[in-house]
Amino acid sequence: MGSSGDAWKLKDHPKLPKGKTVAVIVLDGWGEAKPNEYNAISVAETPVMDSLKKGAPEHWRLIKAHGNAVGLPTEDDMGNSEVGHNALGAGRIFAQGAKLVDLALASGKIYEGEGFKYVKECFEKGTLHLIGLLSDGGVHSRLDQVQLLLKGAAQHGAKRIRVHALTDGRDVLDGSSVGFMETLENDLAKLREQGVDARVASGGGRMYVTMDRYENDWDVVKRGWDAQVLGEAPHKFKDPVEAIKKLRQEPNANDQYLAPFVIVDDNGKPVGPILDGDAVVTFNFRADRMVMLAKALEYENFDKFDRVRVPKIHYAGMLQYDGELKLPSKYLVSPPEIDRTSGEYLVRNGVRTFACSETVKFGHVTFFWNGNRSGYFDEKLEEYVEIPSDSGITFNVKPKMKALEIAERTRDAILSGKFDQVRVNIPNGDMVGHTGDIKATIEACKAADDGVKMILDAIEQVGGIYVVTADHGNAEDMVKRNKKGEPLLDKNGNIQILTSHTCEPVPIAIGGPGLIPGVRFRKDLPTGGLANVASTFMNLHGYEAPSDYEPTLIEVVDK
Ligand SMILES: O=C(O)[C@@H](CO)OP(=O)(O)O
Ligand SMILES: [Mn+2]
Ligand SMILES: [Mn+2]
């Protein structure tokens, strides 16, 4: 596609009119599963979402939101916000970070790239630090990739390696951090036998240490900086497995929010602060929760917290996390080239766009939607509104989150007549689902439903159209199950709470007074997924989608 204006011109849809206000509502973490007591969505009072379902099969259906349908390596990979919103916004399926890293490791190309060569320059005199999420969840990172990278780095000359591990419990079961740390320790021991000085240097829970996103709470990143770079943390241990076990015994402790710790030697000295001349790799492939740390590591001018000491390092990300900011400038694997997104096409065809969510999901309907690119395409035609999220709490404490505020701002945007597309992310099912608190998640789902109602009422008033869908499952299943689908119990006979996303399909509903009679879901796309949604709403804006987009889910029959 060239850069001339014509290249962006979308063809008129032969049957569907232009000029309708289209609301695209994404319920985060809202999958479809059989009703049961662990399905927070089915238990919750959700009259609006229930009524949409009655429109099946013409105006309600299910679509795939996990595995290959969103560019993940296998059909066992649950969906997540990054790949989900990428697919929704880009209308095509791109091999995602997880897969690209797998390929680069398998072929050995990862060691030939500019990024690895850059960090390698420090191997002779400095330490290689690996920072990231210790998990096999496959959402932000994968332990098997870290294991390969450790081995590969040693083979390519790293003599001293320090791992700064963030514990998960969000994409994997709470408590699994102990096993992951044992596996890592085993691998590091093997490296030590080969003469590589390899150790864990620090740790902490992902939601409390380092992995904040969209600048919700810089203190989270600071806690990580203090432990990883300065070697300072409230807890000091000699052994990382013991560290996790001990810290998990503190009241209300869990993997996600584990307190930061550093590993010290016999003299109480931290074994791996980051120093001048060292190399650093952040090994998460997913962008959103690495961007803030990447800024702290890379930016000369940085005022988000006092870094105290800024080591002169060679830093590379596993991927480049922000294509617009080119951050970080060095990376081991090239990110998916998500170009020509629906957002860019529509704006270049004059579609005035409003996007809104609260901080914790704001980048989902902007940054991820636009192909991991921050900023506007055309400031005159777009407005992105961020409602500040609560920070410093777990969201089961306030399960309504900002659903109402998001809906109000969106309602106002619709009624203002200033926008053709309004798109929102309503986070409750996902963010509260991740806490594993079933009661709070039920409340969260009700709040999300209330938010949808307010937006649909506004669409009704202006004669518009709605598309309601979700990015992946979460709240519809809050319990870990065996292969037969039965809830699993732990050794004390309690159910094992599932805090993670799922592989369930998600609903999509279309409607509103602006939907002309005869528009309905096609029957010939039974395996349709999130990547088919962009063509669908482009049609509802009165345009044909570009020919290489995944096909539209709708057809127009004579009525
Ligand atoms: O919170 C996150 O980072 C992920 C789970 O790891 O959730 P989501 O993909 O919904 O943003
Ligand atoms: Mn999500
Ligand atoms: Mn989530």
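Remember, predicted model here, so these are calculated numbers, not experimental data. (Residues numbered from 1 in each chain as written. Chains lettered and ligands numbered in written order. Predicted model: local features only at pLDDT ≥ 70, side-chain atom pairs only at ≥ 80, totals over all residues. Heavy atoms only, no water.)

**Here's the deal with the site of ligand 1**
Thought 1: Around ligand 1 sit 17 residues, and of these Ser81, His140, Asp171, Arg286 and Arg289 come closest.
Thought 2: Within the side chain of Arg213, an N or O atom sits 2.9 Å from an oxygen atom of ligand 1.
Thought 3: Measuring from an oxygen atom of ligand 1, one finds a side-chain N or O atom of Arg286 at 2.8 Å.
Thought 4: Across the complex, the protein chains shield 100% of the 310 Å² of accessible surface that ligand 1 would expose by itself.
Thought 5: More than half of the atoms of ligand 1 fall within 2 Å of the grid points belonging to the largest cavity.
Thought 6: A class-by-class count of the residues in the shell around ligand 1 yields one nonpolar, seven polar and nine charged. (Near = heavy atom within 4 Å. Polar contact = N/O pair within 3.5 Å; in protein donor to acceptor, adjacent residues only side chain to side chain. Areas by Shrake-Rupley, 256 points an atom, 1.4 Å probe, with all protein chains shown as cover. 1 Å grid on protein atoms, 1.4 Å probe; cavity = no way out; pocket = protein on both sides within 12 Å on 5 of 7 lines; lining within 4 Å. Sits in = over half its atoms within 2 Å of the grid points. Nonpolar A, V, L, I, M, F, W, Y, C, P; charged D, E, K, R; others polar.)

**A closer look at the coordination of the manganese ion (ligand 2)**
Thought 1: Here the manganese ion (ligand 2) is held by Asp28 (OD), Ser81 (OG), Asp471 (OD) and His472 (NE2), and the distances to it run 1.9 to 2.1 Å.
Thought 2: Sequence spacing of the donor residues for the manganese ion (ligand 2), all on one chain, is D-x52-S-x389-D-H.
Thought 3: In this structure, the manganese ion (ligand 2) lies 4.2 Å away from the manganese ion (ligand 3). One end of the pair, Asp28, is in the loop between β1 (22-27) and α1 (40-43); the other, Asp471, is in the loop between β14 (465-470) and β15 (506-511), with 443 residues separating them in the sequence. The pair formed by Asp28 and Asp471 is uniform in burial state, with each residue classed as buried. (Donors = N, O, S within 2.8 Å, 3.2 Å for Na, K, Ca; no water. Helix = DSSP H or I, 4+ residues; strand = E, 2+ residues; numbered from the N terminus. Buried < 20%, exposed > 50% of the residue type's maximum accessible area, 1.4 Å probe, protein only.)

**Observations regarding the sheet that holds strand β13 (residues 421-426)**
Thought 1: Taking strand neighbours across the sheet as the criterion, the seven strands line up as β2-β15-β14-β1-β13-β11-β12 in an open arrangement whose pairing is mixed. Two strands in the sheet have a free side with no partner beyond their single neighbour: β2 (60-63) and β12 (382-387). Here the strands of the sheet are splayed against their neighbours by 15 degrees on average, with no regard to which way each runs.
Thought 2: Direction of pairing for β1 relative to β13: parallel, over a ladder of six bridges. Across the sheet, the residue bridging to Val26 is Asn425, located in β13.
Thought 3: Across the sheet, helix α14 (residues 403-416) touches β11 (353-358), β12 and β13, and the angle it forms with β11 is around 170 degrees. (Pairing = 2+ DSSP bridges. Axes fitted to C-alpha atoms, helices over the stretch in contact; angles between N-to-C directions. Contact = heavy atoms within 4.5 Å.)

**Some points on the environment of Asn39**
Thought 1: Structurally, Asn39 can be placed in the loop between β1 and α1.
Thought 2: Put simply, Asn39 and Ile442 are 403 residues apart on the chain and 8.6 Å apart in space, counted from C-alpha to C-alpha.
Thought 3: Apart from residues no more than four positions distant in its own chain, Asn39 is found in contact with Ala33, Lys34, Ala475 and Glu476.
Thought 4: Within the local environment of Asn39, its side chain forms a polar contact with the backbone oxygen of Lys34, the two atoms lying 3.2 Å apart.

**A closer look at helix α10 (residues 291-298)**
Thought 1: Across the eight residues that make up α10, a large majority, seven, are buried.
Thought 2: Among the residues of α10, those classed as buried are Val291, Met292, Leu293, Ala294, Lys295, Ala296 and Leu297.
Thought 3: Tucked inside the fold, the buried residues of α10 contact β3 (128-134), α8 (218-230), β8 (279-282) and β9 (314-319).

**A closer look at the UniProt feature "domain: Metalloenzyme" (unreviewed entry) in the chain**
Thought 1: Here, UniProt's "domain: Metalloenzyme" (unreviewed entry) annotation points to residues 20-544.
Thought 2: The straight-line gap between the two end C-alpha atoms of residues 20-544 is 15 Å; of that span, 32% is helix and 16% is strand. (UniProt positions renumbered as here; feature names shortened; annotations may be inferred.)

**Observations regarding the pattern of salt bridges**
Side chains carrying opposite charge are able to pair once their charged atoms draw close together.
Thought 1: All chains considered together, the criterion is met by 36 salt bridges.
Thought 2: Between Arg160 and Asp197 there is a salt bridge, with the nearest N and O atoms lying 3.1 Å from each other. Here the residue Arg160 occupies a position in strand β4 (residues 160-167), and Asp197 occupies one in strand β5 (residues 197-205), the gap between them amounting to 37 residues.
Thought 3: Note on Arg160: relative accessible area 31%, which makes it partly exposed.
Thought 4: Taking relative accessible area as the criterion, Asp197 reaches 29% and is therefore assigned partly exposed.
Thought 5: When the shortest N-O distance is used, the salt bridge between Arg286 and Asp288 registers 2.8 Å. In this structure, Arg286 and Asp288 share a single accessibility class: buried.
Thought 6: Among the ionic contacts, a cluster of salt bridges with common partners joins Arg92, Asp339, Arg340 and Asp548. (Salt bridge = Lys/Arg side-chain N within 4 Å of Asp/Glu carboxyl O.)

**Quick word on the packing of α8 against α10**
Thought 1: Orientation of α8 relative to α10, taken along the N-to-C sense of each, is 55 degrees, at an axis distance of 10 Å. As summarised for this structure, α8 and α10 are arranged oblique, according to the angle between their axes. The hand of the α8/α10 crossing is right-handed. On α10, the residues touching Trp218, Val221, Trp225 and Gln228 of α8 are Met292, Leu293, Ala296 and Leu297.
Thought 2: Partitioning the contact of α8 with α10 into residue classes produces seven nonpolar, one polar and no charged. (Parallel < 35°, antiparallel > 145°, perpendicular 65-115°, else oblique. Left-handed = near helix turned anticlockwise from the far one by under 90°.)

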